[in-house]
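Fold and contact review
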Amino acid sequence: MKHGALALALLTPALARAADPPAAPPQETDASPPPPFVYPALVRTLVGLGRATRLPKDDDAPSVVMTVEVGEHPLGGALGTGISLSSALDSKGLWSVVTPGLFATLDLTYLFLSGLWAYEPPPFAGRLRVGSRLGIAVSESYRPSGDVPYAPPYMLIRPELQSFVDLEWPLDRRQVYSLVGRAAIDTSVNLSDAFRWSFSAGIDYAWGQ
Amino acid sequence: MAIIQEPRDHAAGHSVNFTLFHLVPRRLEAPPFIAIDCDGRHESCVRLSPPMMRTSAKRGRSDTGRSAGTFVLRGAILAVPTWVALTQSSPGEASPEAHGDAATAPMASVAPTTSTPIDAPLSTSAGPSPTPPPSASSNSSENASPGGANGAPAAPVAIARGTDASTAPAQENTHTKLPPFPPNGTRAFVTVAPLGACTRIDDNVGKSGFCEELLGGTDTTFAPRWHFDWEAGLGYMDAAIWGFRDLGFSQRSGGPYFVARVFVGYDLSSLFVARLGVQTRVGDSFGNLDPGVQGVLDLGTRCWTRFEVGLRTFAGVDGVITSGGVDDSWYSMSLAYGTSLFGRYLFP
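Residues numbered from 1 in each chain as written. Chains lettered and ligands numbered in written order. Predicted model: local features only at pLDDT ≥ 70, side-chain atom pairs only at ≥ 80, totals over all residues. Heavy atoms only, no water.

Next up on the list: the overall build of chain A. Looking only at helices and strands, chain A has 3 helices and 8 strands in total. Reading chain A from its N terminus to its C terminus gives the helix and strand order α-α-β-β-β-β-α-β-β-β-β. Here chain A holds 209 residues, and the buried ones make up 42% of them. The contacts of chain A with a sequence gap of at least 6 include a subset with a gap of at least 24, amounting to 59%. About 11100 Å² of surface is accessible on chain A, with carbon and sulfur atoms providing 68% of the total. (Helix = DSSP H or I, 4+ residues; strand = E, 2+ residues; numbered from the N terminus. Buried < 20%, exposed > 50% of the residue type's maximum accessible area, 1.4 Å probe, protein only. Contact = heavy atoms within 4.5 Å. Areas by Shrake-Rupley, 256 points an atom, 1.4 Å probe, with all protein chains shown as cover.)

Listed below in structure tokens is the structure:
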């Protein structure tokens, strides 16, 4: 019995040590848990350029588009919902639009990685989202002074539907900050008339457990 | 004298027979745990267990598959002296009462398993140790000191213990349950794109409308994750006619068309596939072909084993035929883009 235990004592550490591969340097990914597929809450800010359709060529000019969104990712990150506030300002100062509303997005990356909700999606860096924002557009427009001097501003309030595609790419390891690019088009609610389109980019900040 | 203890399943509260079978993984998805009772004081103990449970965040899958070979090798090496010790130890030395104290001892944090710290394996006492050894979570001075509880030097012995795989805690990475990547080879498929929105930008025959397609082709996996696809079929998009041909000037585009496309695809995961390719759509306008060329991006997911569902986006130019009379017509191009949902069935 003593011989067996002695052999056990002498052989096992050496054998175990010999079987071990060279110790790899410690990696941070092993020590820290991987980030979640998506964080529950988000704040997104976007700035870009756009144009309004159906304007006379003399009045056609780029517009500056700004968007702020606050929302969350329900259903494990497959969806996104929240409130949105955007504005579009004509570079010539002839019109401006402010649109508050509610948005909903569908994360195509989640769907494609999960096999349409069949599997838990593995970690993935990029995100492709499609979504819509239903809002009430409050616009104010002016006629050029050369056309109609002293013309009063024209205010229009109407519902609008903004359809957009978002492409996100994380900026840090924890995927808290992401770079977001968006292509959007504002239309009537029944999609029959296109009012404006825009391209914008910004930062997405996400948090939560 | 070494105290050889039968492993105990903490969750179920019953002993599990220790055999060499427990050292061999039954399947990669749920390997049996090999716990090295070292309470963090033995370097081989520290390095053996944790990597099997770690998850690589970058690759998004468990390291279980990669370490399977090392896992078996280590298990076999450790099993030999353990088996020798087991066969040479007397029944009285492996008292069942020793399990109770060991089971209530704190678990070593370096081994996320159901292991229990071993108490003084080379102790001359046959009974259980009066005090459990310090766990790996204790301070570093305790870990650095090899001394035992009674002042005797701690044994540099690590004894492997096996537990039943079915009782292992559910810490495995569920991502490993993703289906495998498609094997190399060629498979035929049919594609249906029943719902699409196709737009053509032209002063006269510009139009946005629905488009539908039915196609067949083959998918060739020529390297891991890489595919080459081709498909061809028929489609329809809303036609637009402008002018009066009999009066000398008219334009036409759209209608039924023949479509062919080739892709190079890459599997972003075993389910998520992306394809980039080029397509041509050829229709008939006033008896003339009006070919157009577009770039295509497919993003899809594999589901229900042989189906693939995704989103197809394309942009390029479409052909427009302008007729100036009975025998006079010419070809021009207009910008075109669109998107559609598609479904694909791959034959076995």
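Moving on from the model shown.
Let us look at the overall build of chain B. On a plain count of helices and strands, chain B comes out with 5 helices and 15 strands. Counting every position in chain B, which comprises 348 residues, the buried fraction comes to 46%. Within chain B, counting contacts between residues at least 6 apart in sequence, those at least 24 apart form 63% of the total. When the accessible surface of chain B is summed, it comes to about 16200 Å², and 64% of that surface belongs to carbon and sulfur atoms.

Enumeration according to the criterion identifies 27 salt bridges over all chains in this entry. The salt bridge partner of D107(A) is R129(A), with a shortest N-O separation of 3.7 Å. Linking D107(A) in strand β4 (residues 95–107) with R129(A) in strand β5 (residues 127–141), this pair joins segments that are 22 residues apart in sequence. Both residues of the pair, D107(A) and R129(A), belong to the buried class. Of the charged contacts in the structure, one is a salt bridge between D229(B) and R275(B), with a shortest N-O distance of 3.7 Å. In this pair, D229(B) sits in strand β9 (residues 226–244) while R275(B) sits in strand β11 (residues 272–285), placing the two residues 46 residues apart along the sequence. An identical accessibility class is assigned to D229(B) and R275(B); each is buried. (Salt bridge = Lys/Arg side-chain N within 4 Å of Asp/Glu carboxyl O.)

Another point: the state of the cysteines. Residue and element names in this part refer to chain B. Applying the stated rule across the entire model yields 1 disulfide over all chains. Between the sulfur atoms of C198 and its disulfide mate C211 the distance is 1.9 Å. Of note, the bridge from C198 to C211 carries an S-S torsion of about 75° and is right-handed in sense. You can see C198 sitting in strand β7 (residues 185–201) and its partner C211 sitting in strand β8 (residues 207–223), a full 13 residues away along the chain. Both residues of the pair, C198 and C211, belong to the buried class. (Disulfide = S-S within 2.5 Å.)

It is worth spelling out the sheet that holds strand β2 (residues 63–72) of chain A at this point. Residue and element names in this part refer to chain A. Taken together, 8 strands build a closed barrel; the order of strands is β1-β2-β3-β4-β5-β6-β7-β8 and the barrel is antiparallel. Strand after strand, the sheet turns through a mean of 25° between neighbouring axes, direction not considered. Pairing between strand β1 (residues 41–52) and strand β8 (residues 194–207): 12 bridges, direction antiparallel. The residue bridging V43 from the neighbouring strand is Y205, located in β8. (Pairing = 2+ DSSP bridges. Axes fitted to C-alpha atoms, helices over the stretch in contact; angles between N-to-C directions.)

All right, on to the environment of V176(A) then. All names here are of chain A. For V176, the position within the fold is in the loop between β6 (154–170) and β7 (177–187). Here the alpha-carbon distance between V176 and W207, two residues 31 residues apart in the chain, equals 6.5 Å. Each residue touching V176, except ones within four places of it in the same chain, is listed here: Y39, D204, Y205 and A206.

All names here are of chain A. A positive phi angle, close to 65°, is found at W117, a residue other than glycine. Structurally, W117 can be placed in the loop between α3 (108–114) and β5. Classification of W117 as partly exposed rests on a relative accessible area of 48%. One non-glycine residue, Q175, lies in the positive phi region at around 60°.

This paragraph deals with the pairing of strand β14 (residues 307–323) of chain B. All names here are of chain B. The pairing of strand β10 (residues 249–267) with β14 spans 3 bridges and is antiparallel. The residue bridging Q251 from the neighbouring strand is T322, located in β14. In this sheet, β14 lies alongside strand β13 (residues 292–303) in antiparallel orientation, the contact comprising 11 bridges. The residue of β14 that forms the bridge with T301 is V309. Where β13 folds back onto β14 in an antiparallel hairpin, the turn is made up of 3 residues, including W304, whose phi is positive at roughly 50°. The pairing of β14 with strand β15 (residues 329–346) spans 17 bridges and is classified as antiparallel.

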